[in-house]
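# Descriptive analysis of the structure
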Amino acid sequence: MKVDIIVLNYNGLNFLKTCVQSIYQYTLQPYRLIVVDNGSTETGTAEYLKQIERKPNTIVVRKEENTGFPGGINAGLEVAESEIVVLANNDLLFIDKHWLDKMLRFLRHDVVAVSCKLIYPNNKIQFAGSTLDPHAFSSYNLFRHRGRFERRELYSVESEEMPFVTFALVVADRKALGKLDTIYGKGTFEDIDK
């Protein structure tokens, strides 16, 4: 099964280079890489995008302006062809050749989005699922990333159902995912909405 991996970039060239290189190096599953540049103005970005779009199975989508996460991801979804899509932030580093196979194992008719535990470079957890705050609708503290800044060894079960996941890295059924709602402003609840 081939998947489309959509990586969104906005003025993060060094992150993007590392992320893309790690995808090329550590993705065994057949894939097509779609890099969406969300109106970057950073020096060297245009040249790098020209370089990678010459590689096989790599598409670059250039946007004139930064339309935030939903607008950028939707531009990638418009050119996606595979039934399964991966949405990945440009600051991710893939280090396991089986990362995609492991995530795809859990995608099925009743599970349309799969994420994983994300680790900071200092071996602390960034994300291990998300939970709603008990008083979610009476404050701005709607949710919390479980495990944030805790030891990487925690929350290491093979799979666990969570109320929602972050779209920093998610594997999803493209039809079930649909488009992201652009009503949300930059950095708000566009992924939690799904």
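Residues numbered from 1 in each chain as written. Predicted model: local features only at pLDDT ≥ 70, side-chain atom pairs only at ≥ 80, totals over all residues. Heavy atoms only, no water.

### Examining the overall build of the chain
- What the chain contains, in helices and strands, is six helices and 10 strands.
- Residue burial in the chain is summarised as follows: out of 194 residues, 44% are buried.
- Taking all contacts inside the chain whose residues are at least 6 apart in sequence as the whole, residues at least 24 apart take part in 73%.
- With an accessible surface of roughly 11,000 Å², the chain has 50% of that area assigned to carbon and sulfur atoms. (Helix = DSSP H or I, 4+ residues; strand = E, 2+ residues; numbered from the N terminus. Buried < 20%, exposed > 50% of the residue type's maximum accessible area, 1.4 Å probe, protein only. Contact = heavy atoms within 4.5 Å. Areas by Shrake-Rupley, 256 points an atom, 1.4 Å probe, with all protein chains shown as cover.)

### So, the nonpolar core
- Formed by 50 residues in total, the largest nonpolar core has its most connected members in I5 and L169.
- Not counting the four nearest positions on each side in its chain, L169 is found in contact with V86, L87, A88, L92, F94, W99, M103, V114, S115, C116 and L118. (Core = buried A, V, L, I, M, F, W, Y, C linked by side-chain atoms within 4.5 Å.)

### Re the environment of H109
- If you trace the backbone, H109 turns up in the loop between α4 (99-104) and β5 (113-114).
- On the basis of relative accessibility, which here comes to 77%, the residue H109 falls in the exposed class.

### With respect to the environment of E53
- Following the sequence through the fold, E53 ends up in the loop between α2 (45-52) and β3 (58-63).
- Since its relative accessible area comes to 33%, E53 is described here as partly exposed.
- A C-alpha to C-alpha distance of 8.8 Å links E53 and V35, two positions 18 residues apart in sequence.
- Sequence-distant contacts of E53, defined by excluding residues within four places in its chain, comprise T58, V60 and R62.

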